[in-house]
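# Observations on the three-dimensional arrangement
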Amino acid sequence: MRKMFAYFLFCSVLGLTALVAQKKTPPTKLVFQAKSGNITFDHTAHAKREKNDCTVCHDKLYAQDAKAPLAFKPPHKNGEDKKISCGSCHRSGGAAFETKANCTNGKCHVKAAAKKG
Ligand code: HEC
Ligand code: HEC
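Keep in mind that this is a model prediction, so the values were computed, not measured. (Residues numbered from 1 in each chain as written. Chains lettered and ligands numbered in written order. Predicted model: local features only at pLDDT ≥ 70, side-chain atom pairs only at ≥ 80, totals over all residues. Heavy atoms only, no water.)

### Here we look at the coordination of the iron atom of ligand 1
Here the iron atom of ligand 1 is held by His43 (NE2) and His58 (NE2), and the distances to it run 2.0 Å. Here the iron atom of ligand 1 is ringed by 6 donor atoms whose angles at the metal span 86 to 180°, and the overall shape comes out octahedral. Linking histidine 43 in helix 2 (residues 43–49) with histidine 58 in the loop between helix 2 and helix 3 (76–82), this pair joins segments that are 15 residues apart in sequence. Histidine 58 matches histidine 43 in its accessibility class, with the two residues each being buried. (Donors = N, O, S within 2.8 Å, 3.2 Å for Na, K, Ca; no water. Tetrahedral: all angles 85-135°; square planar, octahedral: opposite > 155°, others 65-115°. Helix = DSSP H or I, 4+ residues; strand = E, 2+ residues; numbered from the N terminus. Buried < 20%, exposed > 50% of the residue type's maximum accessible area, 1.4 Å probe, protein only.)

So, in structure tokens, the structure goes:
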């Protein structure tokens, strides 16, 4: 009887460990609030472009937590020069478009449409 209880306990601990260690489900889209217009970060598209290699960004660039700070405050040139956060790719000569001249042309910051009435 005692042995069985020990076995049961062992299995429960194993199961719980597996649950905690499980990779978190990635979000599809994340919206980052900003005064100059919110940014919709297409997480699915970003992950897909990296062939779903999560380690490109996690956890060296970002925690897996949408509430954690992004460390990419304006002026973005600073982050681009340091190649940190979004600026590690979004910079001149980087893998993606730089922030310069792309602030509000629909690529990044989008102001919410004015409410009617
Ligand atoms: C191009 C970079 C990039 C790649 C690749 C990437 N992520 Fe993320 N992920 C982010 C960013 C940015 C955030 C938001 C971090 C923040 O707000 O501080 C995030 C947040 C998350 C969150 C938290 C969501 C929430 O609602 O709190 C999870 C979970 C996550 N990613 C899982 C994954 C998984 C799993 C993969 C691989 C399939 C992956 N990510 C690949 C950039 C990336
Ligand atoms: C690992 C490299 C990488 C990182 C880190 C990264 N991006 Fe991107 N991003 C790309 C690539 C590649 C594209 C598509 C190519 C292009 O449009 O220049 C892109 C495109 C975009 C687009 C256009 C819509 C889309 O997804 O196609 C937005 C908006 C964007 N990124 C915002 C961000 C923001 C905000 C961050 C930081 C939270 C970020 N990106 C971090 C590589 C990255």
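Further notes follow.
### Structural notes on the site of ligand 2
In the neighbourhood of ligand 2, 20 residues make up the surrounding shell, with His46, Arg49, Cys86, Cys89 and His90 lying closest. Within the contact set of ligand 2, a nitrogen atom lies 2.8 Å away from a side-chain nitrogen or oxygen of histidine 46. At 2.8 Å from an oxygen atom of ligand 2 is found a side-chain nitrogen or oxygen belonging to arginine 49. For the shell around ligand 2, the elements supplying multiple residues, two or more each, are strand 2 (38–42) and helix 2. In terms of residue count, strand 2 provides more of the shell around ligand 2 than any other element does, 4 residues in total. (Near = heavy atom within 4 Å. Polar contact = N/O pair within 3.5 Å; in protein donor to acceptor, adjacent residues only side chain to side chain.)

### A word on unusual backbone geometry
Cis geometry marks the peptide bond from histidine 58 to aspartate 59, where omega comes out at -5°. As for its placement among the helices and strands, aspartate 59 is situated in the loop between helix 2 and helix 3. With a phi angle near 60°, asparagine 52 is a residue other than glycine that sits in the positive phi range. Position of asparagine 52 among the secondary structure elements: in the loop between helix 2 and helix 3. Notably, serine 85 is not glycine yet its phi reads approximately 45°, a positive angle. Tracing the chain through its elements places serine 85 in the loop between helix 3 and strand 3 (109–110). You can call serine 85 buried: its relative accessible area is 5%.

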